[in-house]
Every structure is written in structure tokens, then in C-alpha cells.
Amino acid sequence: MEQNLELNQLAKDALKEGAKWTFFLSIMGFIGVGLMVLAAIVMTITLSTLPDEVSSFGFFGAMKNFLSLFYLLMAVLYFFPIYYLYKYSSNVKTALQFNDSNLLADAFVNLKSHHKFLGISIIVIFSLYLLIIIGAVITMVGSAAF
């Protein structure tokens, strides 16, 4: 028993308005990713002039190569949810324009992928925070014992 889901005008208007905002957010996200890549390139060029000795610049001297790599990694990770959001918004606009339910379904698959990526990211970040807290407690207990 297959039932067809039809959207009333209120739902179509809400999807159209939401697609405009998600398109804006995705474009701003792509600009942010571009700025992160640009920052990584600028840091690589700028920091390459610094000497490698840790004693000259303290902790920063040892971390200079890591900073550029970190920015590039963050740009790559940030790209995927932004891409899913962009695909969602463009597919919703096209689906509503041509009344295409298959394209609307693809849009919702992209929205699901966006939310899934963000959910997994939050789980990973909270897990890292938990490990850091546990490590800090163990360190404090260990240093207090000595």
C-alpha cells in the first residue's frame, strides 16, 4: 500500500524559505573553508622563515609545522557538512520549481547526511573532551601523590 505524500502551500513555502537560508549558510561555509585554506598557506609561507629550534620560540617553534596541517585538516572536515547543506538547498529549490518528488527525496538524503556528519562530529569531540578530562584528573592525582 503506497501512499503519496503531497505538500500543501505552507510546506512548500517553508521549504523554499529554508532552502534560501541553507544556501546562504553553505556559501558562507565555502567562503570559510576557502579562508581556512588561505590561512594554512599563509602560515606555511610565513612560519617557514622561523628557525626550527624550540629554544628560540618556545613551544611555538615546535608547533609551527603542525598549525598549517591542522588548518588544512579542519578545512577538509568542515567541507563535507557544508557540501551536504549546499546539495540539500539546491535540490530543494529545483524540486519545488519542477515539482519533482525524486529530487526532493535526494535533498532530504543530503540533509540527513549533513545531520549525521554533525552528530558524529559532536560525539567525537565530546569523547576527546572526556579523554582530556580523564587525563587531566589522572595527572593531577599522580602529581599530588608525589
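In case you missed it, the structure is sitting above this.
One structure accompanies this document, and this report is about it. (Residues numbered from 1 in each chain as written. Predicted model: local features only at pLDDT ≥ 70, side-chain atom pairs only at ≥ 80, totals over all residues. Heavy atoms only, no water.)

## Comments concerning the packing of aromatic side chains
In step 1: All chains considered together, the criterion is met by 10 aromatic pairs.
In step 2: Measuring from ring centre to ring centre gives 6.0 Å for Trp21 and Phe24, while their planes differ by 90 degrees; the resulting arrangement is edge-to-face. Residue Trp21 and its partner Phe24 are both found in helix 1 (residues 9–47); the two are separated by 3 residues, about one turn of the helix.
In step 3: On the basis of relative accessibility, which here comes to 51%, the residue Trp21 falls in the exposed class.
In step 4: Take Phe24: its relative accessible area is 43%, and that puts it in the partly exposed class.
In step 5: Relative to Phe79, the ring of Phe30 has its centre 5.8 Å away and its plane inclined at 45 degrees; by these criteria the two rings are tilted. Of this pair, Phe30 sits in helix 1 while Phe79 is found in helix 3 (residues 59–98), placing the two residues 49 residues apart along the sequence.
In step 6: The class for Phe79 is partly exposed, based on a relative accessible area of 31%.
In step 7: Connected via pairs of aromatic rings, a cluster forms that spans Phe23, Phe30, Phe79, Phe80, Tyr83, Tyr84, Tyr86 and Phe117.
In step 8: It is Lys93 that lies over the ring of Phe23; its NZ or CZ is 3.8 Å from the centre. (Phe/Tyr/Trp six-rings, centres within 6.5 Å; stacked < 30°, edge-to-face > 60°. Helix = DSSP H or I, 4+ residues; strand = E, 2+ residues; numbered from the N terminus. Buried < 20%, exposed > 50% of the residue type's maximum accessible area, 1.4 Å probe, protein only. Lys NZ or Arg CZ within 6 Å of the ring centre and 35° of its normal.)

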